[in-house]
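Structure assessment
As a plain string of letters, each chain reads:
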Amino acid sequence: MTTTSPREFAEQAEPLTWPKDCWYGVGVATAFVSGRLHVIRFLGDELVGYRDAQGNVVLSDNRCAHRGCRFSAGWVADDQLTCPYHGWRYDKAGACRHIPALRPGESIPAGAQIRVYKTQEKYGIVWAWIPEHEPEPTYEIEYIPELDGMHHHPRADIRYLFKGHFSRTIENGIDPVHAPFLHGKSVGQVGPDADLTYPDFEVVKGERITKTRIPVKVQRLSGLVRYLLKGDADTTYKEFRFIYPNVSLPLNRFGRFEFASVLVHLPYSETETLVEATNWRNFLRATPLLTRWFDHETAKTGLQILVEDNSVVKDQQPRIVRYRGSREVLVKSDGMVLGFRKVMRRFLEPDASPGSADRG
Ligand code: FES
Ligand SMILES: [Fe+2]
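As the structure is a prediction and not an experimental result, all values here were calculated from the model.

The subject of this paragraph is the environment of Ser261. The topology assignment puts Ser261 in strand β20 (residues 257-269). Judged by C-beta crowding, with 22 C-beta atoms within 10 Å, Ser261 ranks as buried. Note: C-alpha distance between Ser261 and Leu249 (twelve residues apart in sequence) is 5.7 Å. Apart from the residues within four sequence positions on either side, Ser261 is in contact with Leu249, Pro250, Ala277, Thr278, Asn279 and Gly302.

Here it is as structure tokens:
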């Protein structure tokens, strides 16, 4: 019998490469507040964002071109980002417009420029184009038709710091079969005779997405969902979607009621990923007290779920998913994970031979 020790698993980790030339979700829109700088730890470094006079998000590297100071302790005045060290000011395009200590006859050096990223706001999320070879966006942010009839409830926005790489937090976020086991406390427990085989479990794979739909199998529901879900009812199902490179979308439907979350997984390092989520639903909008209570319960349950997820994700080995040739033993119900890995291979290893593309 061949066995694989944890150490061998650790040795097969992917190098720390980040997807580029794509739209990243970089945070919930409510985190960007006028008059305040918002720092994002991202891809091993930092970004800084603010809202301009029109309310649009301006996002740049959090590093001054002068002598490398962080802008975090700085401020924004007249839509210009001001460095706290020597007061250099940068406009929305990243060009330095003012250097207080510049002498008469001296002009602003051509290199006095910081990198600014193209942003869009959609689904309660701020998205940023992170370039490598393509300075301009080459595709549209994924359309999510299911959210059309739902409303975002910003009071239920949450954030949680995972102690794991974003490839692991995303796989966790799109894995449809772990909930009955890991989320027994927050969502509900699986009955001893529940059928967890999901025979019609179909995984849809697109160029930048993977999605699936499964029936709800939890039988003893807990917390908020016990008011909403009837385990195993025909009109009750869950959908999971991955949107390249860092967004996951769980959706629950129970009869005519639907609720969904859009999660951005902010990659920082092998061991840290900040997950931020917006919550959406098509009911309970107009009754203020009940709406507030439901938002609060949604946020509380959401955070509890993430804490439970982190309890396993933080110790997974290898820390970074091996997108090709993994030694993990996968079965059919890992279809979403396989779909995710395939998308990642497509963009991170575009020159790899097609013959090996379907291996886990
Ligand atoms: S380091 Fe930013 S102004 Fe000097
Ligand atoms: Fe989970």
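Still more ground to cover, so stick around.
On to the pairing of strand β16 (residues 209-215). Pairing of strand β15 (residues 203-205) with β16, which is carried by three bridges, proceeds in the antiparallel orientation. Looking across to β16, one finds that Lys205 is bridged to Thr210. Taking the residues that link successive antiparallel strands as the turn, the β15-β16 hairpin has three residues. Taken together, the seven bridges between β16 and strand β18 (residues 236-243) define a ladder with antiparallel strand orientation. When the bridges of β18 are listed, Lys211 appears paired with Arg241.

Moving on to the sheet that holds strand β6 (residues 80-82). Across the sheet, which stays open at both edges, the four strands sit in the order β5-β6-β7-β8 with antiparallel pairing between neighbours. Edge positions in the sheet fall to β5 (75-77) and β8 (96-98), since each has one partner strand and no second. Summarising the sheet, β5 and β6 pair through three bridges and their orientation is antiparallel. Across the sheet, the residue bridging to Ala77 is Gln80, located in β6.

Definitions and limits used
Residues numbered from 1 in each chain as written. Chains lettered and ligands numbered in written order. Predicted model: local features only at pLDDT ≥ 70, side-chain atom pairs only at ≥ 80, totals over all residues. Helix = DSSP H or I, 4+ residues; strand = E, 2+ residues; numbered from the N terminus. Buried ≥ 20, exposed ≤ 12 C-beta atoms within 10 Å, placed from the backbone. Contact = placed C-beta atoms within 7 Å. Pairing = 2+ DSSP bridges.

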